[in-house]
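What follows is each chain in one-letter form.
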Amino acid sequence: MPGIEGKVVAITGASSGIGEATALLLAERGAKVVLGARRPERLAALAARIEQAGGEAAWIRTDVTRREDLHGLVKLACERYGKLDVLVSNAGIGLISPLDDLRVDDWEQMIDVNLKGVLYGIAAALPLFREQGFGHFVNTVSTAGLRIVPLQSVYAATKNAVRTVSEGLRQEAGADLRVTVVSPGAVRTDFAEHMDPAAKAQIDKLMEIALPPDAVARAIAFAIEQPDGVDVGDIVVRPTAQG
Ligand code: NJP
């Protein structure tokens, strides 16, 4: 089915930033959006906002580190809307720090959310996509994986692992499924909120030139709206001023 109207799109990390902007844009263009994240009050408010504007939205508390939560998200899409056209695996955290700090717990958390969270999404949606004979994975990665800089190596590694899995998935997917990776550069979101002050200073500098999250949402919409046989593989969206 080409276009966006009538497509059912599940989005992880939909409670803020890029995920929220993507949900709003796709719903405005006629998609039925299924929202997942850990903060239910934000998901409920976003769903209400979409419905008030005439769109359709469902939501379920989804922690992407819990495999069963991804199954719950996919199940909700099928129960509510009868199918799933697109899974946008967008949830991500950037607990960046120098390797010398040995913040091993943070490294593990990034692996759990950024890499394993995407794998759990694939595990939940791939069998359904095979059964349906259609489906589209959109995975949010990062320009941090394209230009590796100090403090960001583990974060970049998780994102490049997703890039690698996505390419393998694309090759295994066959003619019926589509796989897209979107690499945002600096985007003005809550992303830096949970970083330690030294790391946040690096990101705050970048935030001076950051794009609004809608810029990435439009790229995701572009990939989704293509005709079935057109697979937009790799999109990089960054501020012109980003080095
Ligand atoms: O950040 P933010 P972005 N399970 O913090 C959710 C990538 N990126 O929109 O669970 C489920 O506003 C969290 O929801 P909640 C980045 O790596 C960004 O910028 O309720 N969800 C929230 O909705 C990430 O992959 C920039 O706390 C979990 C969302 O994730 C994506 O863009 C640059 C979760 C994060 O929203 C969206 O991030 C770049 C969990 N366990 C890549 N943990 C940038 N902003 O500059 C977190 O290169 N979330």
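Cut-offs used in this document
Residues numbered from 1 in each chain as written. Predicted model: local features only at pLDDT ≥ 70, side-chain atom pairs only at ≥ 80, totals over all residues. Heavy atoms only, no water. Helix = DSSP H or I, 4+ residues; strand = E, 2+ residues; numbered from the N terminus. Rg over C-alpha atoms; globule rule 2.2 N^0.38 Å. Buried < 20%, exposed > 50% of the residue type's maximum accessible area, 1.4 Å probe, protein only. Contact = heavy atoms within 4.5 Å. Areas by Shrake-Rupley, 256 points an atom, 1.4 Å probe, with all protein chains shown as cover. Lys, Arg positive; Asp, Glu negative; His and termini not counted. Charge placed at Lys NZ, Arg CZ, Asp CG, Glu CD. Axes fitted to C-alpha atoms, helices over the stretch in contact; angles between N-to-C directions. Parallel < 35°, antiparallel > 145°, perpendicular 65-115°, else oblique. Left-handed = near helix turned anticlockwise from the far one by under 90°. Nonpolar A, V, L, I, M, F, W, Y, C, P; charged D, E, K, R; others polar. Near = heavy atom within 4 Å. Polar contact = N/O pair within 3.5 Å; in protein donor to acceptor, adjacent residues only side chain to side chain. 1 Å grid on protein atoms, 1.4 Å probe; cavity = no way out; pocket = protein on both sides within 12 Å on 5 of 7 lines; lining within 4 Å. Sits in = over half its atoms within 2 Å of the grid points. Core = buried A, V, L, I, M, F, W, Y, C linked by side-chain atoms within 4.5 Å. Points joined across faces, edges and corners; volume = space filled by probe spheres on them. Pairing = 2+ DSSP bridges.

A.B. asks: What should I look at first to understand the overall build of the protein chain in this one?
C.D. replies: When helices and strands are tallied, the protein chain shows 7 helices and 7 strands. Starting at the N terminus and walking to the C terminus, you meet the elements of the protein chain as β-α-β-α-β-α-β-α-β-α-β-α-α-β. For the protein chain, the C-alpha radius of gyration of 17 Å lies close to 18 Å, the compact-globule estimate for 243 residues. Dimensions of the protein chain along its principal axes, counting C-alpha atoms only, are 50 × 40 × 35 Å. Counting over 243 residues, the protein chain shows a buried share of 52%. Long-range pairs, those at least 24 residues apart, make up 70% of the contacts in the protein chain between residues at least 6 apart in sequence. Of the roughly 11000 Å² of accessible surface on the protein chain, a fraction of 52% belongs to carbon and sulfur atoms. Computing the positive centroid from 26 side-chain charges and the negative centroid from 31, the protein chain places the two 2 Å apart.

A.B. asks: I'm lost on the packing of helix α1 (residues 17–28) against helix α2 (residues 40–52) in this one. Help?
C.D. replies: Each packed pair of helices is defined by two parameters, the angle between the axes and the distance between the axes. It is at 10 Å that the axes of α1 and α2 come closest, and there the two elements cross at 20 degrees. The angle between α1 and α2 falls in the class roughly parallel. Crossing geometry of α1 relative to α2 is assigned as right-handed. The segment α1 lies against α2, with E20, A23, L24 and A27 engaging R42, L46, R49 and I50. The residue inventory of the contact of α1 with α2, partitioned by class, reads 5 nonpolar, no polar and 3 charged.

A.B. asks: What exactly am I supposed to notice about the site of the ligand here?
C.D. replies: What surrounds the ligand is a group of 31 residues, the closest being R38, S142, Y155, P184 and T189. One nitrogen or oxygen atom from the main chain of G13 is found 3.1 Å from an oxygen atom belonging to the ligand. Between an oxygen atom of the ligand and a side-chain N or O atom of S15, the distance comes to 2.8 Å. Applying the majority rule of atoms within 2 Å of the grid points places the ligand in the largest pocket. When residues of the shell around the ligand are traced back to their parent elements, those giving at least two are α1 and α5 (153–173). The class makeup of the residues in the shell around the ligand is 14 nonpolar, 12 polar and 5 charged.

A.B. asks: I keep staring at the nonpolar core and nothing clicks. Help me out?
C.D. replies: Side chains that are nonpolar tend, in soluble globular proteins, to be buried together. V34, L84, L87, A125, F129 and F137 are the most contacted members of the largest nonpolar core, which has 46 residues in total. Contributing elements (two or more residues each) for this core: β1 (8–12), α3 (67–81), α4 (104–132), α5, β6 (177–184) and α6 (197–207). Per-element tally for this core: the top contributor is α4, with 10 residues. Core analysis: the second largest hydrophobic core is formed by 29 residues, I18, L26, V86 and A217 among them.

A.B. asks: Quick question: what am I supposed to make of the layout of surface pockets here?
C.D. replies: Space left empty within the atom packing is revealed by a probe, the size of a water molecule, rolled over the atoms. In this model, the largest pocket occupies a volume close to 1200 Å³. Around the largest pocket, the lining comprises 49 residues; the ones closest to its centre are G92, I93, G94, Y155 and F191. Among the elements of the structure, α1, α4, α5 and α6 are those that each provide at least two residues to the lining of the largest pocket. Here the lining of the largest pocket gets 4 residues from one element, more than from any other, and that element is α6. When its residues are assigned to classes, the lining of the largest pocket shows 20 nonpolar, 21 polar and 8 charged. Within this model, the second largest pocket holds a volume of roughly 220 Å³. In terms of lining, the second largest pocket is formed by M1, K7, K83, D85, V86, F134, G135, H136, A175, D176, R178 and D228. Here the residues of the lining of the second largest pocket are counted per class, giving 4 nonpolar, 2 polar and 6 charged.

A.B. asks: What is the right way to read the pairing of β1 from this model?
C.D. replies: The side chains of a regular strand alternate between the sheet's two faces. With 5 of 5 residues buried, β1 is to be regarded as a mostly interior element. Here β1 shows no split at all, with V8, A10 and T12 on one side and V9 and I11 on the other all buried. Of the pairings in the sheet, the one linking β1 to strand β2 (residues 32–37) comprises 5 bridges and is parallel in character. For T12, the partnering residue across the bridge sits in β2 and is G36.

A.B. asks: Even after reading the chapter, I still don't get the sheet that holds β2, so can you show me in this structure?
C.D. replies: As a general point, the strands of a sheet are linked pairwise by backbone hydrogen bonds and lie either parallel or antiparallel. Here we have 7 strands laid out as an open sheet, ordered β3-β2-β1-β4-β5-β6-β7, and parallel in their pairing. Where the open sheet ends on each side, the last strands, each with one partner, are β3 (56–61) and β7 (234–237). Strand-to-strand twist in this sheet, taken as the mean axis angle between neighbours without regard to direction, amounts to 15 degrees. Bridging between strand β5 (residues 135–140) and β6 involves 6 bridges; their strand directions are parallel. Residue pairing for β6: G135 is matched across the bridge by L177. Of the strands in this sheet, β1, β2 and β6 touch α1, which is tilted by about 165 degrees from β1. Packing against the sheet, helix α7 (residues 214–225) makes contact with β1, β4 (86–89), β5, β6 and β7, and its axis sits at approximately 165 degrees to β6.

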